[in-house]
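Listed below are the residues making up each chain.
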Amino acid sequence: MRKNIVVGNWKMNLNRVEGIALVEDILSKLPNDNNTHIIFAPSFVYLNTVAELCAKNTKVVAAAQDCSANRKGAFTGEVSANMIASSNARYVILGHSERRVNFKESNELLKTKVGQAFDSNLKVIFCCGESLLQRESGLHFKWIKSSISESLFHLSSEEFKNIVIAYEPIWAIGTGKTATTEQAQEMHFFIRNLLFEKYGNKVALGTSILYGGSCNYENAKELFASQDIDGGLIGGSSLNSDDFIEITQSF
């Protein structure tokens with residue numbers, strides 16, 4: 001049975017003191033019967049600190065926001081998957097639209113990064129999403145299919161157990177716009193069907209697919225009630241403890 005997951009992607013926000021305070025506040029306020037799997041994705045520089053704080057709760061772990069496509073070497077400023085794993089993080093986010101757009105990350109590069117993550121026993125939160133132009137041109141399904149198939153469909157069914165997919169329409173990230181529940185569910189169903197066609201029922205029904213386009217405490221409950229939406233990749237709302245906790249309890 002697939003997990004309900006909420007990921008807090010802090011992006012380039014919060015210093016070390018603020019990040020620690022946020023995690024401690026959230027952990028102290030989480031209900032004892034919390035059944036949502038929670039993932040914090042802080043900056044690299046205090047990833048280990050956050051991971052150690054997460055160890056206090058079996059349903060809370062840490063993720064890196066990216067990793068290098070290279071295992072090691074003369075790559076100044078890069079952070080390898082092995083370094084991330086040694087920081088006690090369990091996941092790495094790959095393919096976020098901000099990485100794809102601002103750093104020109106291709107599907108082929110992301111395929112390599114997935115390999116690096118797996119070599120270091122990290123699970124992957126794989127992001128995909130279309131631009132407003134692609135949606136208005138009717139290319140959104142084709143774009144999502146190529147994003148997933150070109151980066152992930154070399155994996156075996158067993159390896160795919162370590163993948164979480166996050167659908168994040170680019171036109172709804174940080175804009176205040178949100179895909180309607182119907183639009184989000186339609187794409188999540190499409191993604192799950194892609195997995196069914198490639199891997200069969202077990203992988204399709206076992207893979208968590210998250211929504212990542214301006215999801216907040218006001219719309220989370222409606223979105224998460226959809227059959228194929230298993231949680232959220234949360235940006236701005238993950239920086240406020242009360243808002244984030246409300247989202248985690250929206251299932």
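Details of the structure are given in the entry above.
Source: prediction; values computed, not measured.

Student: Would you explain the overall build of the protein chain in this entry?
Tutor: Scanning the protein chain from N- to C-terminus turns up eleven helices and eight strands. Taken over C-alpha atoms, the radius of gyration comes to 17 Å for the protein chain, in line with the 18 Å a tight globule of 251 residues would show. Taken over the C-alpha atoms alone, the protein chain extends approximately 45 × 45 × 35 Å along its principal axes. Long-range contacts, defined as pairs at least 24 residues apart, comprise 72% of the intrachain contacts of the protein chain with a sequence gap of at least 6. Carbon together with sulfur atoms contributes 50% to the accessible area of the protein chain, which is approximately 11800 Å² in total. One finds the centroid of the 25 positive side-chain charges in the protein chain at a distance of 6 Å from the centroid of its 27 negative side-chain charges.

Student: Could you clarify how one ought to interpret helix 5 (residues 107–119) in this entry?
Tutor: Count 3.6 residues to each turn of an α-helix, and residues three or four apart come out pointing the same way. Look at helix 5: 18 Å from first C-alpha to last across 13 residues, which is about the 18 Å you get at 1.5 Å a residue. Restricting attention to buried positions, one finds in helix 5 the residues Asn107, Leu110, Lys113, Val114, Gln116, Ala117 and Phe118. Tucked inside the fold, the buried residues of helix 5 contact helix 3 (81–86), strand 4 (91–94), helix 4 (97–102), strand 5 (123–128), helix 7 (140–152) and strand 6 (163–167).

Student: Explain the packing of helix 1 (residues 16–29) against helix 2 (residues 47–54) to me, please; I cannot follow it from the model alone.
Tutor: Any two packed helices are characterised by the angle at which their axes cross and by the distance between the axes. Where helix 1 meets helix 2, the axes come as close as 10 Å, and the angle between the chain directions of the two elements is 15°. Taken together, the axis directions place helix 1 and helix 2 in an arrangement best described as roughly parallel. For the pair helix 1 and helix 2, the sense of crossing is right-handed. Counting all contacts with helix 1, which are made through Arg16, Ile20, Val23, Glu24 and Leu27, the residues of helix 2 involved are Thr49, Val50 and Leu53. The class makeup of the residues in the contact of helix 1 with helix 2 is five nonpolar, one polar and two charged.

Rules used in this analysis
- Residues numbered from 1 in each chain as written.
- Predicted model: local features only at pLDDT ≥ 70, side-chain atom pairs only at ≥ 80, totals over all residues.
- Heavy atoms only, no water.
- Helix = DSSP H or I, 4+ residues; strand = E, 2+ residues; numbered from the N terminus.
- Rg over C-alpha atoms; globule rule 2.2 N^0.38 Å.
- Contact = heavy atoms within 4.5 Å.
- Areas by Shrake-Rupley, 256 points an atom, 1.4 Å probe, with all protein chains shown as cover.
- Lys, Arg positive; Asp, Glu negative; His and termini not counted.
- Charge placed at Lys NZ, Arg CZ, Asp CG, Glu CD.
- Expected span 1.5 Å × (residues − 1).
- Buried < 20%, exposed > 50% of the residue type's maximum accessible area, 1.4 Å probe, protein only.
- Axes fitted to C-alpha atoms, helices over the stretch in contact; angles between N-to-C directions.
- Parallel < 35°, antiparallel > 145°, perpendicular 65-115°, else oblique.
- Left-handed = near helix turned anticlockwise from the far one by under 90°.
- Nonpolar A, V, L, I, M, F, W, Y, C, P; charged D, E, K, R; others polar.

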